[in-house]
Amino acid sequence: KAAIPLSVMKLLDPCQLKPNSTETERILIVLDETIVKLEITRLIPRITDSLERYARMLGPEITSSLLEHRKLSMEIQHMLASPRDEESRRAVEQRLKCSLRNILRLFLANPLLYHGLKYEVRVRQSPADVFIKAFMEFRDFMLDRLLTSPDEEKEKAQFMEEVSVRVEKNMETISALQAELTKVIQTRDEEVNTKDKTIENLKKAMDDLDKDCKADIQQIMKEGEKQQKEDLEASQVKCARLEQDILHLRAQFSALVLEHRASELVLRKEKCKAEREIEEWVQKYDTDMAERQATYDEIEAVYNEEKAQLAVLMEKHALLLQEYNEILEERRILKEREEEAARILANRNHAATCIQAYWKGYLVRSIYKAELKKIKAKSKRKGK
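- The chain goes by Dynein regulatory complex protein 10 in an unreviewed UniProt entry, where it is assigned to Dasyornis broadbenti.
- Of the comments in the UniProt record for the chain, the one headed Subunit (unreviewed entry) reads "Component of the nexin-dynein regulatory complex (N-DRC). Interacts with CFAP52."
- Check the Sequence similarities (unreviewed entry) section of the UniProt entry for the chain; it says "Belongs to the DRC10 family."

Pasting the structure below:
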């Protein structure tokens, strides 16, 4: 957009076109009114078919005009269906035209009514829509032509030539890129073929490996069967030895059971004794804890009372602290006032001292001036 001239941008973008003369505005007004009249004319047949529905919205004047127009339309259709005198048909057509102009005048006098009916009345697609669309395009074309100056036409032509040159350059670039793309695709196909060959070689190697594995598995199966027989014979010998060990261990287990039952009786007696002692300790603990709980309740009551007293004292302390802060603030303000008064007094004393010194100097100087005048007068008299 930065390289496109402003005038060409106006030509390419119809939204930026605005009338720049009275004649252009008048032509556009005529075209816009014609478009509105065409749209109203397209709505009239639908309104007349449902006139009772829109009567309150239209008003009595427009309704009566539409009724008359519907009668004339029916009459002209009847005349076209059964041809009669040419002069009477022309007279009816003239009346129909006058009626249509009158209706259009009434609608144009009330634009709000037209806009309301435009969204209220539903009209099917018809050749009139195509004509209205074409007329709107004609209106935009006329606006473009009216607002285009010869210089702008030249700029537009020059711009189109530049665009065509750019398009040619872009086409050359696209052709070069397509050739490069073809080379890349060819290189990729060669790589794919190479990889396919490698995959086929790997598949063959896997088949050979599978055959070798099957031979190794058969050999391993034979060795496994032989090892299984040897392990079975060894396990049978081991099972016989374990059975002997089991019989020996069972005898030991019976002896240990008898021994442990005797020790169990002793332990049970000790357990009963320990349970009785524990029960006594529990009773003693409950009694001790009940006493401690009573003591704790008494201490807690005293603590709550002291806590309430502490809260009262804290409130009093807060009030006293507030009063103390207020007293300190008053003392600080009083001290500042005293210091300010002392400073003002010192300034006044200093000013009074300065004034007195100045006044004394003034008196001395006035006395000396008078003396000097007398001495000068005497010296003058002596000189004479």
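A few points about the overall build of the chain
Then comes step 1: Counting its regular elements, the chain contains eight helices and zero strands.
Then comes step 2: Across the chain, helices and strands are ordered from the amino to the carboxyl terminus as α-α-α-α-α-α-α-α.
Then comes step 3: Expressed as a percentage of its 384 residues, the buried residues of the chain come to 13%.
Then comes step 4: Carbon and sulfur atoms make up 58% of the accessible area of the chain, which totals about 32900 Å².

Considerations on the layout of surface pockets
Then comes step 1: Computed from the structure, the largest pocket encloses a volume of approximately 230 Å³.
Then comes step 2: What lines the largest pocket is a set of 13 residues, and nearest its centre among them are P45, T48, H69, S73 and Q77.
Then comes step 3: Every element with two or more residues in the lining of the largest pocket is listed here: helix 2 (22-49), helix 4 (60-81) and helix 5 (86-109).
Then comes step 4: It is helix 4 that provides the largest number of residues to the lining of the largest pocket, a total of six residues.

Re the side chain of S65
Then comes step 1: Within the fold, S65 resides in helix 4.
Then comes step 2: Judged by its relative accessible area of 8%, S65 falls in the buried class.
Then comes step 3: A distance of 3.0 Å separates a polar side-chain atom of S65 from the backbone oxygen of E61.

Notes on helix 5
Then comes step 1: In this model, helix 5 (24 residues) spans 35 Å end to end at C-alpha, consistent with the 34 Å of a helix rising 1.5 Å per residue.
Then comes step 2: Within the sequence span of helix 5, burial applies to V92, L96, S99, I103, L104, L106 and F107.

A short note on the confidence of the model for the chain
Detailed conclusions should not be drawn from predicted coordinates in areas where pLDDT is low.
Then comes step 1: Across the chain, pLDDT averages 79, with 89% of residues at or above 70.
Then comes step 2: Per-element mean pLDDT across the chain ranges from 42 in helix 1 (residues 6-12) up to 85 in helix 8 (residues 150-383).
Then comes step 3: Per-residue pLDDT stays below 50 along residues 1-19; that stretch engages in 26 contacts with residues further than four places along the chain or on separate chains.

Quick look at a negative patch on the surface
Then comes step 1: Together, D207, D208, D210, D212 and D216 give the surface a local cluster of negative charge.
Then comes step 2: Tracing the backbone shows D212 in helix 8.

A closer look at a nonpolar patch on the surface
Then comes step 1: A cluster of nonpolar side chains, contributed by Y358, W359, Y362 and L363, occupies part of the molecular surface with about 480 Å² of accessible area.
Then comes step 2: Structurally, Y362 is set in helix 8.
Then comes step 3: Under the relative-accessibility criterion, Y362 is labelled partly exposed at 44%.

Focus: the nonpolar core
Then comes step 1: Counting 14 residues, the largest nonpolar core has I47, L58, I62, L66, F107, L113 and L117 as its most contacted members.
Then comes step 2: Contributions of two or more residues to this core are made by helix 2, helix 3 (51-58), helix 4, helix 5 and helix 6 (111-120).
Then comes step 3: The contacts of L66, once residues within four sequence positions are left out, are I44, I47, T48, L51, L58 and I103.

Parameters and conventions
- Residues numbered from 1 in each chain as written.
- Predicted model: local features only at pLDDT ≥ 70, side-chain atom pairs only at ≥ 80, totals over all residues.
- Heavy atoms only, no water.
- UniProt positions renumbered as here; feature names shortened; annotations may be inferred.
- Helix = DSSP H or I, 4+ residues; strand = E, 2+ residues; numbered from the N terminus.
- Buried < 20%, exposed > 50% of the residue type's maximum accessible area, 1.4 Å probe, protein only.
- Areas by Shrake-Rupley, 256 points an atom, 1.4 Å probe, with all protein chains shown as cover.
- 1 Å grid on protein atoms, 1.4 Å probe; cavity = no way out; pocket = protein on both sides within 12 Å on 5 of 7 lines; lining within 4 Å.
- Points joined across faces, edges and corners; volume = space filled by probe spheres on them.
- Polar contact = N/O pair within 3.5 Å; in protein donor to acceptor, adjacent residues only side chain to side chain.
- Expected span 1.5 Å × (residues − 1).
- pLDDT = per-residue confidence, 0-100.
- Contact = heavy atoms within 4.5 Å.
- Patch = residues over 30% accessible without salt bridge, like charges linked within 9 Å, V, L, I, M, F, W, Y side chains within 5 Å.
- Salt bridge = Lys/Arg side-chain N within 4 Å of Asp/Glu carboxyl O.
- Lys, Arg positive; Asp, Glu negative; His and termini not counted.
- Charge placed at Lys NZ, Arg CZ, Asp CG, Glu CD.
- Core = buried A, V, L, I, M, F, W, Y, C linked by side-chain atoms within 4.5 Å.

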